[in-house]
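# Coordinates in review
The primary structure of each chain is shown beneath.
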Amino acid sequence: MADSYDVIVIGAGPGGYVAAIRAAQLGKKTAVVERDKTGGRCLNYACIPAKTVLRTAEIFHQAQEGAELGVVAKDVSLDWEALGKRRASVSESLSSGVEMLFKKNKIALIEGDGSLTAEGDVKVDEEVYGAGTVVLATGSVARPIPGVEFGDRVLDTWGAWSLPAQPRKIAVAGAGASGCEIASAYGRFGTEVILIEMLDQILPAEDKDMARVVERAFKKQNIAISTGTPVENVEVGGDSVKLTYGGESAEVEYLCIAGGRGPDVEGLGLDQAGVKLAENGKIEVDEFCRTSNQKVYAIGDLVNAKALAHKASEEGVVAVEHAAGERTHPVDQNLVAGATFCHPQVASVGLTEAAAKEAGHEVKVGKQKLGGVGGATVYDDKDGLVKLVVDAKYGEVLGAHVVGNRACDMIAELVATMALEGGYQELARVVHPHPTISEAVLDAARAVDGWAIHA
Ligand SMILES: Cc1cc2nc3c(=O)[nH]c(=O)nc-3n(C[C@H](O)[C@H](O)[C@H](O)COP(=O)(O)OP(=O)(O)OC[C@H]3O[C@@H](n4cnc5c(N)ncnc54)[C@H](O)[C@@H]3O)c2cc1C
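Since the structure is predicted, the reported quantities are computational estimates derived from the model, not experimental observations.

Okay, the overall build of the protein chain next. Regarding its fold elements, the protein chain presents 14 helices and 22 strands. Taking the principal axes of its C-alpha atoms as reference, the protein chain extends roughly 65 × 60 × 40 Å. Put simply, of all contacts in the protein chain between residues at least 6 apart along the chain, 64% involve residues at least 24 apart. As presented, the protein chain carries roughly 21,000 Å² of accessible surface, and 49% of it is formed by carbon and sulfur atoms. The distance from the centre of the 45 positive side-chain charges to the centre of the 64 negative ones in the protein chain is 4 Å.

The structure is reproduced here in structure tokens:
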């Protein structure tokens, strides 16, 4: 056997690298096994490159629309090569930041493919490393739709974010967070976009009221939306893809499938180590992310329902704290906020109005359009909405929803309110700074009892 460690983490994404650092902070001799790049898919192929390109889309869009604000930018154009270079360099810089954190915390980085042995130790290529605790953090992989394979013209999300040139026309199948981000970036770049969703609204996990606001905004961004229509009859040609959806047909340069992802468990040796899968195909874990093998934990996209980087990181912290016998508490999955960085952004935590009613709650709702508060006019952010879903009897906030240019930052306040078990009545008395968009949160809380000032 090669070296032994107190904790070995397989996968250096936001789940794995955070778990490793926390384990090292707790005095554990720790190693991370990674077969590709530190920072995982999040930093190198998903969240971070997507947000870097979206930032360019934002600047490009603002430069074109700047005349009304007194900024006249003539001949605004895209430099696709510069965009690609920045996308790569942002990921490289964050990935090397993770390596520096490993060095600082004396964490060994073992390069290669990791898997479990029958004893619950870790095999990397031909070496076996002894492990007190193993944390599986291998993330997820893109899944195509039935009957369609990924290839030159049929892209997964990384393919869409790393195209070598700006496409003239693309179709995006799946209008969840990733599909909406891709549509919104390319739409603002001037690409003709068809966004196709099988369910009856874009952003199907979001409250209907919020999806409606985004749908209206998308129509101004070169995005044609089709809901309740699966993509069918995909025919891939040399330089185009033909497809149908509902009663329509289209020929596009690329089809991006931004729908499903599945846990990356292939070759991990789960069976021989006695690690069971749950019904949804992910790894079965308890509330501390411990698997059916008491020595093995699993976190991030491998477990539970949501697939989000901040959820992965927190599960990593909880898993290694639990393994180390520290006092910790499970991640409240209901308080993991969703964040979609399209234009305008969408963020939410807790229940939608429909889900709250379905769960048997008697609900009250408070809504405030961003356009009502002064800051939204100042910062040109008028198209959004804040919506609170509260329990009618005690005022507990059951769900909070924000659409607006800064929604993904604004949601943190509402997560904190819910985590601290505050009601809308408290929120309605929290003095918010002026002029900020967050004043819409204050008025949404007041709107529950019909006294929003800027309604
Ligand atoms: C396009 C896109 C955009 C997204 N944007 C956001 C966003 O804005 N915000 C957000 O919160 N979430 C976002 N997500 C989701 C987010 O990327 C994932 O939830 C997150 O990456 C999960 O982290 P993880 O640590 O579980 O796994 P990953 O980030 O997938 O990392 C897993 C790592 O394990 C390695 N690995 C796999 N198998 C092995 C093995 N056998 N041996 C060694 N190494 C192995 C992989 O190489 C990889 O580096 C986005 C996803 C996509 C696809």
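Residues Phe 189, Leu 195, Ile 202 and Phe 218 are the most contacted members of the largest nonpolar core, which totals 38 residues. Considering every element that reaches this core, the biggest residue donor is helix 6 (residues 177-189), with six residues. The contacts of Ile 202, once residues within four sequence positions are left out, are Ala 175, Cys 180, Leu 195, Ala 211, Val 214, Glu 215, Phe 218, Ile 225 and Thr 227. Formed by 30 residues, the second largest nonpolar core is a distinct cluster that contains Val 349, Val 390, Leu 427 and Ile 437.

Spanning 25 residues, helix 4 (residues 80-104) covers 36 Å between terminal C-alpha atoms, matching the ideal 36 Å at 1.5 Å per step. Listed in full, the buried residues belonging to helix 4 are Trp 80, Leu 83, Gly 84, Arg 87, Val 90, Ser 91, Ser 95, Val 98 and Phe 102. With a side-chain oxygen positioned 3.2 Å from the backbone nitrogen of Glu 81, the residue opening helix 4 is Asp 79.

For the pair helix 3 (residues 47-64) and helix 6, the least separation of the axes is 9 Å and the interaxial angle reads 35°. Here the hand of the crossing between helix 3 and helix 6 comes out left-handed. In contact with Ala 50, Lys 51, Val 53, Leu 54, Thr 56, Ala 57, Glu 58, Phe 60, His 61 and Gln 64 of helix 3, helix 6 contributes Glu 181, Ala 185, Arg 188 and Phe 189.

So, about the pattern of salt bridges. Enumeration over the complete set of coordinates arrives at 21 salt bridges. A salt bridge links Glu 181 to Lys 51, with the nearest nitrogen and oxygen atoms 2.9 Å apart. Pair noted here: Glu 181 is in helix 6 and Lys 51 is in helix 3, with a separation of 130 residues, a long-range link. What makes Lys 51 partly exposed here is its relative accessible area of 25%. Arg 55 is the partner of Glu 58 in a salt bridge, and the nearest nitrogen-oxygen pair spans 3.3 Å. In this pair, Glu 58 and Arg 55 are both assigned in helix 3, three residues apart and thus about one turn of the helix distant. Connected through shared salt-bridge partners, Asp 207, Asp 209, Arg 212, Glu 353, Lys 357, Lys 367 and Lys 387 make up one network.

Below, the discussion takes up the pairing of strand 9 (residues 169-173). Along strand 9, five of the five residues are buried, which leaves the element largely enclosed by surrounding structure. Residue alternation in strand 9 divides its side chains into two sets, Lys 169, Ala 171 and Ala 173 and Ile 170 and Val 172, and both sets are buried. The pairing of strand 9 with strand 10 (residues 192-197) spans five bridges and is classified as parallel. Note that in strand 10 the partner of Ala 171 across the bridge is Ile 194. Alignment of strand 9 against strand 15 (residues 254-257), held across four bridges, turns out to be parallel. Its bridge partner being in strand 15, Ala 171 is matched across the sheet by Leu 255.

Attention now moves to the sheet that holds strand 8 (residues 154-155). With respect to topology, five strands assemble into an open sheet ordered 8-15-9-10-11, the strand pairing being parallel. Edge strands, defined here as strands with exactly one partner in the open sheet, are strand 8 and strand 11 (223-227). Contacting strand 9, strand 10, strand 11 and strand 15, helix 6 crosses the sheet at an angle of about 165° to strand 10.

A few words now on the environment of Leu 136. Mapping Leu 136 onto the fold places it in strand 6 (residues 127-136). Leu 136 sits 141 residues away from Leu 277 along the chain, and the two C-alpha atoms are 13 Å apart. Contacts of Leu 136, omitting those with residues within four sequence positions, involve Ile 10, Leu 116, Leu 270, Ile 283, Val 296, Tyr 297, Ala 298, Ile 299 and Leu 302.

A separate point is the site of the ligand. If you check the shell around the ligand, you find 39 residues, and the closest are Gly 15, Glu 34, Lys 51, Asp 301 and Ala 309. One nitrogen or oxygen atom from the side chain of Arg 41 is found 2.9 Å from an oxygen atom belonging to the ligand. Separating a nitrogen atom of the ligand from a backbone N or O atom of Gly 114 is a distance of 2.9 Å. Within the complex, 94% of the 1,000 Å² of free accessible area of the ligand lies under protein. Split by residue class, the shell around the ligand holds 15 nonpolar, 14 polar and 10 charged.

Let us now look at the sheet that holds strand 20 (residues 363-369). As summarised here, the arrangement of the five strands in space is 18-19-22-21-20, forming an open sheet in which the pairing is antiparallel. Two strands in the sheet have a free side with no partner beyond their single neighbour: strand 18 (338-340) and strand 20. Across the sheet, the mean angle separating the axes of adjacent strands is 5° when strand polarity is ignored. Alignment of strand 18 against strand 19 (residues 345-350), held across three bridges, turns out to be antiparallel. Counterpart to Gly 338 in the pairing with strand 19 is Ser 348. Sheet contacts for helix 12 (residues 407-419): strand 18, strand 19, strand 21 (385-391) and strand 22 (397-404); angle to strand 19, the most-contacted strand, approximately 10°.

Turning our eyes to something else, we now look at the state of the cysteines. Think of a disulfide as a covalent bridge from one cysteine sulfur atom to another cysteine sulfur atom. On inspection of all chains with the given rule, the structure shows zero disulfides. Free of any disulfide, Cys 256 has its nearest neighbouring cysteine sulfur in Cys 180, separated by 12 Å. Cys 256 sits in the buried class, given a relative accessible area of 1%. Among the cysteines around Cys 289, which has no disulfide bond, Cys 42 carries the closest sulfur, lying 17 Å off.

Parameters and conventions
Residues numbered from 1 in each chain as written. Predicted model: local features only at pLDDT ≥ 70, side-chain atom pairs only at ≥ 80, totals over all residues. Heavy atoms only, no water. Helix = DSSP H or I, 4+ residues; strand = E, 2+ residues; numbered from the N terminus. Contact = heavy atoms within 4.5 Å. Areas by Shrake-Rupley, 256 points an atom, 1.4 Å probe, with all protein chains shown as cover. Lys, Arg positive; Asp, Glu negative; His and termini not counted. Charge placed at Lys NZ, Arg CZ, Asp CG, Glu CD. Core = buried A, V, L, I, M, F, W, Y, C linked by side-chain atoms within 4.5 Å. Buried < 20%, exposed > 50% of the residue type's maximum accessible area, 1.4 Å probe, protein only. Expected span 1.5 Å × (residues − 1). Polar contact = N/O pair within 3.5 Å; in protein donor to acceptor, adjacent residues only side chain to side chain. Axes fitted to C-alpha atoms, helices over the stretch in contact; angles between N-to-C directions. Left-handed = near helix turned anticlockwise from the far one by under 90°. Salt bridge = Lys/Arg side-chain N within 4 Å of Asp/Glu carboxyl O. Pairing = 2+ DSSP bridges. Near = heavy atom within 4 Å. Nonpolar A, V, L, I, M, F, W, Y, C, P; charged D, E, K, R; others polar. Disulfide = S-S within 2.5 Å.

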